[in-house]
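In case you want the letters, here they are:
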Amino acid sequence: MGNLIKIALVSALIMLSACTSSKTTVSKTVDLTNYEYVSVINNDTYHIPAELMEYEIQLFDAVVGSGLQLVGDNRIFHMPQYQQDKLLLVKYGISQGDNETIVTVNFIDYMTGRPVVSCRGVSGLSLDYKGDLKGAIRQVEKQISNTFPHRR
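Residues numbered from 1 in each chain as written. Predicted model: local features only at pLDDT ≥ 70, side-chain atom pairs only at ≥ 80, totals over all residues. Heavy atoms only, no water.

(A) Molecular detail of the environment of Asn42. By the element assignment, Asn42 lies in the loop between strand E2 (37-40) and helix H2 (56-64). Accessibility expressed as a relative area gives 38% for Asn42, which makes it partly exposed. Separated by 50 residues in sequence, Asn42 and Tyr92 place their C-alpha atoms 9.9 Å apart. (Helix = DSSP H or I, 4+ residues; strand = E, 2+ residues; numbered from the N terminus. Buried < 20%, exposed > 50% of the residue type's maximum accessible area, 1.4 Å probe, protein only.)

This is the structure we're talking about:
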């Protein structure tokens, strides 16, 4: 009887973890080696919820994992055109549910507004929202680092 319960628990964990997984989607028509700069969108129309602000440092660190040079959003307009052509904007989102936390980091071509990369980190079952959030940020950081390996 004890083995049956263990098997049921392991099966339930596998099913829950299979629902959503960390992954990256890259546009098939983009050459990521063309980009050198990245800027995180942080303005009045797009910002992280106040209760999650302490995690913004970790999200910026994850973006720096791309190896792209970080540029403050207030400096973009002072960049020459040839540098703006090599700039990616970043938007991130956080979704927390009862079973998992999902952190998404999207990279958008500055000149066209076209999304070119979406990295998703997922963590769950730590029985703690903060633990799940930290785990999801670690997962998205791995996705970003693996997506931009040419920068190392």
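Still more ground to cover, so stick around.
(B) Representation of a positive patch on the surface. Taken together, the side chains of Lys130, Lys134, Arg138 and Lys142 make up a positively charged region of the molecular surface. Locating Arg138 in the fold gives a position in helix H4 (residues 129-147). (Patch = residues over 30% accessible without salt bridge, like charges linked within 9 Å, V, L, I, M, F, W, Y side chains within 5 Å. Areas by Shrake-Rupley, 256 points an atom, 1.4 Å probe, with all protein chains shown as cover. Salt bridge = Lys/Arg side-chain N within 4 Å of Asp/Glu carboxyl O. Lys, Arg positive; Asp, Glu negative; His and termini not counted. Charge placed at Lys NZ, Arg CZ, Asp CG, Glu CD.)

(C) Spatial organisation of the nonpolar core. With 25 residues, the main nonpolar core has Leu88, Val90, Val103, Val105, Phe107 and Phe148 as its most contacted residues. If you list the elements that add at least two residues to this core, you get E2, H2, strand E4 (87-96), strand E5 (100-109), strand E6 (115-124) and H4. Take this core: its biggest share by element is five residues, from H4. Grouped together as the second largest cluster of nonpolar side chains are eight residues, Tyr37, Val71, Met79 and Ile108 included. (Core = buried A, V, L, I, M, F, W, Y, C linked by side-chain atoms within 4.5 Å.)

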